[in-house]
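# Structure assessment
The primary structure of each chain is shown beneath.
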Amino acid sequence: MYCFLCVLLLIATSTTSVSEGKSKKLCNVVPKDPYIQVGSDTQIVCESFCVHGSVYWTVDGVVLDHSWMSTINSTHSIVSLRNVTRRKATVQCHRDHTRDVLGGTIVRTYSKPSKVVCIWHYRNGSSGGVPELFTCTWEQLAEASEKINYTVLISRSNTSQSEICSSQNVRKCTSKDVHLSGYVTLVGNHSVTVRAKTKHWEVYSDPYEFNPHHILQIRCPKLNVQALYGHLLAKWNTSTSSNKHYCQVKYNQEVLNKTLEPGEKGNMTIENVKSCTYYKVSVRCAWDKAPWSEWSQEQTVLSQLNKNDVKLRLWRKIRESYKNGTRKIDAMWTEIPSACQGTFKYFIQASANKERGMQVAYPQTLCEKSTCALLVNQEAHKVKLEVFRNGTLLAEDSVYVPAVGETDLPQVANMQTSSRKGVILISWDAPSQFVRGYMIDWTHDGCRYHWKEINSTSTPLSGLLDNKPYNVTVTPLFGDKTGLGTRALRICSTVAAAANFSTIMVKVSDKSALVSWEMQRKDVCSGVIVHYIVSYGTGHGANLNVTVNATKQEILLKDLIPYSQYSVYVKAVALTGASESNVRHFNTKRFDPRFVTQLCVIGTIIIVLVLSAGLCCAIQYRKFLQEPLPNPGLSSVALWPSGGQQKGLFLFRQFNYSSESICTLDPNREEDSGSVFTVKPDAHDERPHGPEETSTQSPSRECTTLLSESSGQLSSYRSQGSVKSPTRSTEKECQTLLSDKHEQLTASLAMYVTVDMFEQDQGG
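Each chain carries its own residue numbering, running from 1 in the direction its sequence is written. Reporting of local features is limited, given that this is a predicted model, to residues whose pLDDT is at least 70; pairs of side-chain atoms are given and counted only at 80 or more, and all residues count toward the totals for whole chains, interfaces and linings. Water and hydrogen atoms play no part in the side-chain values, which are based on all heavy atoms of the structure.

### Some words on the overall build of the protein
Here is the rule we go by: The way it works is that DSSP assigns letters per residue, a run of H or I at least four long becomes a helix, a run of E at least two long becomes a strand, and they are numbered from the N terminus. Here the term buried applies to any residue with accessible area under 20% of the maximum for its type, exposed to any over 50%, and partly exposed to those in between, with areas from a 1.4 Å probe on protein chains only. For this analysis, residues touch if any pair of their heavy atoms sits within 4.5 Å.
Regarding its fold elements, the protein presents 8 helices and 52 strands. Across the 764 residues of the protein, 37% fall into the buried class. Long-range pairs, those at least 24 residues apart, make up 62% of the contacts in the protein between residues at least 6 apart in sequence.

Encoded structure:
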């Protein structure tokens, strides 16, 4: 049952698909992919009999109005496209109620060549005659991928067109040796047409008609230029001087026009040239309504020095006064340009103005530069400059130097200065006396001066160095004298931003950082710092900004993240601008450095205490091991116990001494009385040897040595108490013995026995 239902569903689906396929049947649209000229009209036909119902049209997806469409016998739908200007348009026919595309086509446009221009000209190096080349240029809108073949067709009156040149995808064509073909002559009008052809379309340009005289480009003239006193003289020749033509003379950036009548030679005087200046001169000519010829080859010429152009502009500056009453005067003037030909010498001379108009002249000074120093006294002087060229006086100038204390001279007042964008503007009030002008001089280093003469009471000073303070002085001029100079306050041409940073330092903790900085030496023309802005952050998110007063150059940044990387920079803000330091990167510490320091101090104290305690224990233990032996001289003598008491009891530890005597006494030395036996155990025998009798005077002077065990529990003496000390010689001998046998005595005990003890033992 289920299988039968599936088969029915499959059959129904297949039937629906076939029906939909039939309903989407495409209709024929003609013409297919047509090419039309830009701005023309065309019609597109859709054979709509393949579907039932009405249709509509779209161009590039835009539905067209029904006024553009028409129907023929309800089987063909036509759309009319008028004034098509698009390079490419997609036209489609749609079924009205389903909006399905029934068919379509692509309409492309092309344009014809326009702005055709032709020129008849000479080949380079041609000597004359009829021009050899005929070149035409034009414009056309076309796709770069299109392959277009161009052909230039020319015809004269009542003649057929002839092909003179062709090109491919290049909108320019040149016909060579056209004078031999006879296609172009000086007689009659001509017409040129450009044909553009591809595999899809072909089009012709509008005819370009011309008079050969109006397209003939004559050869460039031959030019010759001479430099004369005060002007330049340009001369040139053309190959077609028999006709009226026009010429242009260009020197540097200036252009002069001149019309030449038939037979007239070309020449022109160039006035108002600067002295000792290089000029580049060229010329070109053309017939009436004809194109200009090429510019002639440029001629470079140096103008001569005009005496009227020499302006020495002599000026002086009083540099300093000496105690002997002399003054140092710096004279300065405008030097003759170095490009001027000849040898120039400058002579400067000062003369003092005496009473009754008398003058006392100083010797002349030959100056090699445009400045020269003179020494004059306190009187008024006149400084005179003379310039000689090749030994002949060329020009002269003079300037007045007021006397010391001369106060009745005119002087300007209320000077005001300002600067903006590298220009200093200075103004002042004119003096009450009549003056003919003012001399303004300015300098930034006191060595190199600039000066100029003006007639107004204000002037701008330009061409200044940036961020340099200038001293400006204004001196009035009247007659052939000068007034008193007035210096303005020092002013900068431009005021820079705040001073630059020299260093930026950071001291880092775990949650804070101390940022400090140093500024470079403040320049005179630097702006006054208003405040600092410290910007810092981790790079994740926006930076934090902190404003610092201008009097401080450090700040403590708090609440930082431990063990993190930060970046910081400082900005100095002034009224004239701001300057920024370099970006400084730092890492906060994992722990507080103070905690680490405290931990290190506590650990060091503990280590010192432990080491001190261990050292004390080691010292006490060593003292315990090296406890001094008892001194026999301080012991009392006891009786030897009886034999019965000693039976079964061995009171002595095994001896391990060498065979030599422990203590020997000088037999020649007399003692009090008594005899002492000294036991000398053998190193290889555990039993003591027989006693050796030694004669002595007194038992109290005996040499005894007492060795005790390190434990002190077992003593070789019956009792020990305070007795009379032995003699000094005996002590020295025993000390010597103890030092020699120290190692052997520490391992065993020594026993001293008196004769009485032995007698008692034998008697018992």
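This is not the end of the story, as more comes after the structure.
### Section: the sheet that holds strand β10 (residues 114–121)
The condition is simple: If DSSP finds at least two bridges between two strands, the strands pair. Here an angle of 0 to 180 degrees is reported between the N-to-C directions of two axes, which are lines fitted to C-alpha atoms, with helices fitted over the stretch in contact.
Spatial strand order, β10-β11-β14: 3 strands in an open sheet with antiparallel pairing. Edge positions in the sheet fall to β10 and β14 (172–175), since each of these pairs with one other strand and no more. This sheet shows a mean twist of 15° between the axes of neighbouring strands, independent of strand direction.

### A word on the state of the cysteines
To keep things clear, this is the line we draw: Cysteine sulfur atoms that come within 2.5 Å of each other are treated as a disulfide pair.
Tallied over the full model, the rule gives 6 disulfides. Between the sulfur of C118 and that of C136 lies a disulfide, 2.0 Å long from S to S. Its S-S torsion of approximately 105° makes the covalent link between C118 and C136 right-handed. You can see C118 sitting in strand β10 and its partner C136 sitting in strand β11 (residues 133–139), a full 18 residues away along the chain. Note that C492 is cross-linked by a disulfide to C525, the S-S spacing being 2.0 Å. Taking the sign of the torsion about the S-S bond as the criterion, the disulfide between C492 and C525, at about -90°, is left-handed. Taken together, the residues span a long stretch of sequence, with C492 in strand β41 (residues 491–492) and C525 in the loop between β43 (513–519) and β44 (529–537) at a distance of 33 residues.

### Let's talk about the packing of aromatic side chains
Note the cut-off: By convention, a stacked pair of Phe, Tyr or Trp rings (six-membered ring in the case of Trp) has centres within 6.5 Å and planes under 30 degrees apart, an edge-to-face pair has planes over 60 apart, and any other such pair is tilted. A ring has a charge above it when a Lys NZ or an Arg CZ is no more than 6 Å from the ring centre and no more than 35 degrees off the ring normal.
Overall, the coordinates contain 10 aromatic pairs when judged by the stated rule. Aromatic side chains Y110 and W201 sit 4.6 Å apart centroid to centroid with 0° between the ring planes, which places their arrangement in the stacked category. With a gap of 91 residues between them, Y110 in strand β9 (residues 101–110) and W201 in the loop between β15 (190–197) and β16 (202–204) connect regions that are remote in the sequence. Across the ring face of Y122, the terminal group of R219 is positioned such that the distance to the ring centre comes to 4.9 Å. Between the NZ or CZ atom of R590 and the centre of the ring of Y563, over which it lies, the distance is 3.9 Å.

### Regarding the sheet that holds strand β34 (residues 423–429)
Across the sheet, which stays open at both edges, the 3 strands sit in the order β33-β34-β37 with antiparallel pairing between neighbours. Edge positions in the sheet fall to β33 (413–420) and β37 (458–461), since each has one partner strand and no second. On average, each strand axis in the sheet is tilted by 15° relative to the strand beside it, whichever way the strands run. Pairing between β34 and β37: 4 bridges, direction antiparallel. Counted as the bridge partner of I424 is L461 from β37.

### Observations concerning the environment of C46
Structurally, C46 is set in strand β3 (residues 42–47). What makes C46 buried here is its relative accessible area of 0%. Residues C46 and H94 lie 48 residues apart in sequence; the distance between their C-alpha atoms is 9.6 Å. Setting aside chain neighbours within four positions, we find C46 in contact with C27, N28, V29, W57, T75, H76, S77 and C93.

### A closer look at the pattern of salt bridges
Heads up, the condition is: Just to be clear on terms, a salt bridge is a Lys or Arg side-chain nitrogen sitting within 4 Å of an Asp or Glu carboxyl oxygen.
By the definition in use, this model includes 11 salt bridges. Of the charged contacts, one joins E139 and K115 as a salt bridge, the two residues approaching to 3.8 Å between their closest N and O atoms. Taken together, the residues E139 in strand β11 and K115 in strand β10 connect sequence positions 24 residues apart. You can call E139 partly exposed: its relative accessible area is 42%. A salt bridge links R448 to D445; the nearest nitrogen and oxygen atoms lie 3.1 Å apart. A network of salt bridges, in which partner residues are shared, links K384, E386 and E396.

### Focus: a nonpolar patch on the surface
How we decide: Here the term patch refers to residues with relative accessible area over 30% and no salt bridge, with like charges joined within 9 Å and nonpolar side chains (Val, Leu, Ile, Met, Phe, Trp, Tyr) within 5 Å. Here, Shrake-Rupley sampling with a 1.4 Å probe gives the accessible areas, and only protein chains in the shown set may cover a residue.
Residues F591, F595, V596 and L599 make up a contiguous nonpolar surface patch of roughly 410 Å² in combined accessible area. Inspection of the secondary structure puts V596 in helix α4 (residues 593–625). Its relative accessible area of 38% is what places V596 among the partly exposed residues.

### Remarks on unusual backbone geometry
In this structure, P31 follows V30 across a cis peptide bond, with omega equal to -5°. Along the chain, P31 falls in the loop between β1 (29–30) and β2 (35–37). A positive phi angle is found at D60, which is not glycine, with a value near 50°.

### Thoughts on the nonpolar core
Looking at soluble globular proteins, one finds that nonpolar side chains tend to be buried together. How we decide: As used in this record, nonpolar core signifies buried Ala, Val, Leu, Ile, Met, Phe, Trp, Tyr and Cys residues forming a set joined through side-chain atoms within 4.5 Å.
Ranked by size, the top nonpolar core spans 46 residues in total, and within it F134, W138, V152, V192, W236 and V281 carry the most contacts. When residues of this core are assigned to their parent elements, the largest contribution, 5 residues, is made by strand β23 (residues 278–287). Core analysis: the next-biggest nonpolar cluster, separate from the first, contains 31 residues, C276, L312, W333 and I348 among them.

### As for the pairing of strand β6 (residues 69–72)
By the bridge criterion, 4 bridges tie β6 to strand β7 (residues 76–81) in an arrangement that is antiparallel. From the neighbouring strand, T71 faces β7, where its bridge partner is S77. Between β6 and β7, which pair antiparallel in sequence order, lie 3 residues; one of them, N73, sits at a positive phi of approximately 55°.

### Looking at the side chain of H245
The test is simple: Here a polar contact is recorded for every N or O atom pair within 3.5 Å, except that within protein the pair must consist of a potential hydrogen donor and a potential acceptor, and residues adjacent in sequence are included only if both atoms are side-chain atoms.
Residue position: H245 is located in strand β20 (residues 245–251). Owing to a relative accessible area of 0%, H245 belongs among the buried residues under this scheme. Reaching out from H245, the side chain makes a polar contact with the side chain of T238 at a distance of 3.5 Å.

### Things to note about the confidence of the model for the protein
Rule in force here: Each residue gets a pLDDT score, which is the predictor's confidence in that residue and runs from 0 to 100.
On average, residues of the protein carry a pLDDT of 79, and 77% of them reach 70 or more. Mean pLDDT values for the elements of the protein range from 36 in helix α1 (residues 2–23) up to 95 in strand β35 (residues 437–443). Below pLDDT 50 for its whole length, residues 1–23 participates in 1 contact with residues either more than four positions away or in separate chains. With pLDDT under 50 throughout, residues 741–750 is counted as low confidence; its partners more than four residues away or in other chains account for 22 contacts.

### Some remarks on the pairing of β34
Residues of β34 alternate between two faces, with I424, I426 and W428 buried on one and V423, L425, S427 and D429 left unburied on the opposite face. Examined bridge by bridge, β33 and β34 share 6 bridges and lie antiparallel to one another. What sits directly across from Q416, in β34, is S427. Hairpin connection between β33 and β34: a loop of 2 residues separates the two successive antiparallel strands, and K421 in this loop has a positive phi of roughly 55°.

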